[in-house]
Amino acid sequence: MKVEVLTAASELGLCGWDELLGSADFGLSQTWLSVLEGVVAVRSGVSAPGVGAAAVAGVPSAGVGAAAVAGVPSAGVGAAEDSGGSSPRSGTAVRPFYLIAQDGHSRTVAGLAAHLMTRDAPAWDFYRLDRVFRRLAAMPDRDERGFVGVRGTEPLVLMPHLLLGGRQTAHGRMLLAPWLSGDARRQAVRAVLGRVEELGTQIGARALAFMFVDEDDPLRGELTDRGYLSFLHASAGIMDIDFDSFNGYLSRFSAHRRQRIRQELRSFREAGVVFSHHPLGEVIEQITPLGMALESRYGAEGDTVAAFQASLRVVSDAVGDCTVVLTAEQGGQIRGYVIATRWRDALILRSAGFDYDFKGRLPLYYGVAFYHAVEYALACGLRRIYYGIESAAAKASRGCRIVDQYGMVYGLDAEARTALSQVLHGKIAAAQPR
């Protein structure tokens, strides 16, 4: 089996990459990977052909979505999609690689996105191993997660590392042809994993890391067999649209919860709140202060109005035809919003913002991200809504199933393996070199 390494998303169209995607994998589509590369280029003042007017103009840009600076989850909708750092060609902060496996008949059977994370990369708390470990070590339930904590310089010896499975804080995957099964599937996975280990060593990475492997993904077993260490990292919310009306949605709840939801819906009517939706490009200026307010509320400082708007224009120019802004409006003004992407049979919620002075005790988050999103998904004939990670209790309370996600890490040299075994719980043995 042949495994090729590409270094630009624009090259993926020739190898059948998108044919491997499922309904949850918009973040790994060639289009979205190109957007990420484009925002990186925009930040660096480098033109990125095909990304959009903002990118070509070289407008500085923060990350795509809320909380772009610190990687803070956007108010429970899902952790924000971050982009930034140096140009993909510069070889410093963030470099993309795309591994493509083809069988003996030249059919593309597997794909894996990889991004080199260095100490110069933005302080992404969900992508960089050093930041991830510090964040988890500070959590009160770290022992339940099988996580010891960070001591001394342990995280630093793991930098730089290759982030595998895509720069998206939910459902990091290896893409596999749907018709693969049994030995053929295992052969494809092992060929790609072997090649990415070689790639990591060649480019000076100290470790490999999948950050968000779903609990039921067979990839977990393959990684464990290969010597990857595992830790419970996050939980993602998914809404299955297995009903055909809003009343059907309500029927999945207890009588007490249904009454609570009806009270919340009544509170919107009494406050004069109406729900609507708009193309992203038409409301960028209106939603900017709301999105920046959310960033500030959750600890992401340093963004500017120009940067925030430029990042949204890149998204609008590239994927505006499948991106919508779900809004809660009152008095002719947008008071809350969620940016969502329609992808095949799914709606993927990406980032949010709220007018906190107006909001008060109104449950605008539930209104726009759940009740309005459900109505919109029903109207479009969609079958799932993906909410990303964090705020699991809130998502479960409004009908999501919660999927635990694991970080899977592998040291590429003896020092990195020792550091990983010290950081993670002692019951897990260090991976052995292959």
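Residues numbered from 1 in each chain as written. Predicted model: local features only at pLDDT ≥ 70, side-chain atom pairs only at ≥ 80, totals over all residues. Heavy atoms only, no water.

What follows concerns the overall build of the protein chain. For the protein chain, the helix and strand inventory stands at 13 helices and 13 strands. Across the protein chain, contacts joining residues at least 24 apart in sequence account for 73% of those joining residues at least 6 apart. Only carbon and sulfur atoms are counted for the fraction: they give 47% of the accessible area of the protein chain, which is about 16500 Å². (Helix = DSSP H or I, 4+ residues; strand = E, 2+ residues; numbered from the N terminus. Contact = heavy atoms within 4.5 Å. Areas by Shrake-Rupley, 256 points an atom, 1.4 Å probe, with all protein chains shown as cover.)

Right, let's talk about the packing of aromatic side chains for a bit. Enumeration over the complete set of coordinates arrives at 17 aromatic pairs. Measuring from centroid to centroid gives 5.6 Å for Tyr365 and Phe370, while their planes differ by 90°, and the two rings are edge-to-face. Members of the aromatic cluster, each reached through a chain of ring pairs, are Phe243, Phe246, Tyr249, Phe253 and Tyr371. Here the guanidinium or amino end of Arg398 rests over the ring plane of Tyr366, the centre of that ring lying 3.9 Å away. (Phe/Tyr/Trp six-rings, centres within 6.5 Å; stacked < 30°, edge-to-face > 60°. Lys NZ or Arg CZ within 6 Å of the ring centre and 35° of its normal.)

Below, the discussion takes up the packing of helix H4 (residues 182-202) against helix H5 (residues 219-226). The angle between the axes and the distance between the axes are what describe a pair of packed helices. The N-to-C vectors of H4 and H5 enclose an angle of 50°; their axes lie 11 Å apart at closest approach. Judged by the inter-axis angle, H4 sits oblique to H5. In the crossing of H4 with H5, the sense of the turn from one axis to the other is right-handed. Residue-level inspection shows Arg186, Val189, Arg190, Leu193, Gly194 and Glu197 of H4 in contact with H5, the latter providing Leu219, Glu222, Leu223 and Arg226. When its residues are assigned to classes, the contact of H4 with H5 shows 4 nonpolar, 1 polar and 5 charged. (Axes fitted to C-alpha atoms, helices over the stretch in contact; angles between N-to-C directions. Parallel < 35°, antiparallel > 145°, perpendicular 65-115°, else oblique. Left-handed = near helix turned anticlockwise from the far one by under 90°. Nonpolar A, V, L, I, M, F, W, Y, C, P; charged D, E, K, R; others polar.)

This part covers the environment of Val374. Mapped onto the elements, Val374 comes out in helix H11 (residues 364-380). The exposure class of Val374 is buried, given its relative accessible area of 0%. Residues Val374 and Tyr249, spaced 125 residues apart in sequence, show a C-alpha to C-alpha distance of 8.1 Å. Not counting the four nearest positions on each side in its chain, Val374 is found in contact with Met239, Phe243, Phe246, Tyr249 and Ile385. (Buried < 20%, exposed > 50% of the residue type's maximum accessible area, 1.4 Å probe, protein only.)

All right, on to the nonpolar core then. Within the largest apolar cluster, 72 residues are counted, with the highest numbers of intra-cluster contacts made by Leu12, Trp17, Leu162, Leu164, Phe210, Tyr228 and Ile287. Among residues more than four places away in sequence, those in contact with Leu162 are Phe97, Ala114, His115, Leu116, Val196, Leu199, Gly200, Ile203, Ala205, Ala207, Leu208 and Ala209. Formed by 39 residues, the second largest nonpolar core is a distinct cluster that contains Phe253, Leu294, Leu326 and Tyr376. (Core = buried A, V, L, I, M, F, W, Y, C linked by side-chain atoms within 4.5 Å.)

This part takes up unusual backbone geometry. Pro160 follows Met159 through a cis peptide bond whose omega is -5°. By secondary structure assignment, the location of Pro160 is in the loop between helix H3 (129-137) and strand S4 (161-164). Its identity as a non-glycine residue notwithstanding, Ser106 has a phi of 65°, on the positive side. Looking at where Ser106 falls in the secondary structure, it is placed in the loop between strand S2 (94-102) and strand S3 (108-117).

Turning next to the packing of helix H8 (residues 280-297) against helix H9 (residues 305-319). The geometry of H8 relative to H9 is characterised by a closest axis approach of 9 Å and an angle of 135° between their N-to-C directions. If you check the angle between H8 and H9, you find them oblique. Crossing of H8 against H9: the hand is right-handed. Taking contact as the criterion, the partners of Leu280, Gly281, Ile284, Glu285, Ile287, Thr288, Gly291, Met292 and Glu295 in H8 are, on H9, Val305, Phe308, Gln309, Leu312, Arg313, Val315 and Ser316. For the contact of H8 with H9, the per-class residue count stands at 8 nonpolar, 5 polar and 3 charged.

A few words now on H9. Here H9 spans 21 Å end to end across 15 residues, near enough to the 21 Å set by a 1.5 Å rise per residue. Residues Ala307, Phe308, Gln309, Ala310, Ser311, Leu312, Val314, Val315, Ser316 and Val319 constitute the buried set of H9. (Expected span 1.5 Å × (residues − 1).)

A few words on the pairing of strand S10 (residues 333-343). Counting buried residues along S10, 9 of its 11 residues qualify, which places the element largely inside the surrounding structure. Where strand S9 (residues 323-330) lies against S10, 8 bridges are found, and the strand directions are antiparallel. Each bridged residue has a counterpart across the sheet, and for Gln330 the counterpart in S10 is Gln333. Hairpin connection between S9 and S10: a loop of 2 residues separates the two successive antiparallel strands, and Gly331 in this loop has a positive phi of roughly 60°. Between S10 and the antiparallel strand that follows it, strand S11 (residues 346-354), lie 2 residues; Arg344 among them carries a positive phi value of about 55°. (Pairing = 2+ DSSP bridges.)

Interpreting fine coordinate detail is not advised for predicted regions of low pLDDT. When the pLDDT values of the protein chain are averaged, the result is 83; 82% of them are 70 or greater. Segment residues 47-76: pLDDT under 50, and 113 contacts once partners within four positions in sequence are set aside and those in other chains are kept. (pLDDT = per-residue confidence, 0-100.)

Time to look at H5. By the burial criterion, the buried members of H5 are Leu219, Glu222, Leu223 and Arg226. Down the axis of H5, the buried set is contained in an arc of 95°. They therefore lie on one face. Tucked inside the fold, the buried residues of H5 contact H4, strand S6 (207-214) and strand S13 (401-411). Of the residues trailing H5, Gly227 is marked for its positive phi of about 105°. (Arc of directions from axis to C-beta.)

Turning to the pattern of salt bridges, a few remarks are in order. Considering all chains together, one arrives at 18 salt bridges under this definition. With its nearest N and O atoms 2.8 Å apart, the salt bridge here joins Asp103 to Arg107. Measuring nitrogen to oxygen at the nearest pair gives 2.7 Å for the salt bridge that ties Arg128 to Asp130. Across the pair, Asp130 and Arg128 agree in class, each one buried. Through salt bridges that share partners, Asp240, Asp345, Arg384 and Arg401 make up one connected network. (Salt bridge = Lys/Arg side-chain N within 4 Å of Asp/Glu carboxyl O.)

On to the environment of Thr288, then. By the element assignment, Thr288 lies in helix H8. A sequence separation of 18 residues divides Thr288 from Ala306, and the C-alpha atoms of the two residues are 9.5 Å apart. Those residues in contact with Thr288 that sit more than four places away from it in its chain are Val305, Phe308 and Gln309. A distance of 3.2 Å separates a polar atom in the side chain of Thr288 from a polar atom in the side chain of Gln309. (Polar contact = N/O pair within 3.5 Å; in protein donor to acceptor, adjacent residues only side chain to side chain.)

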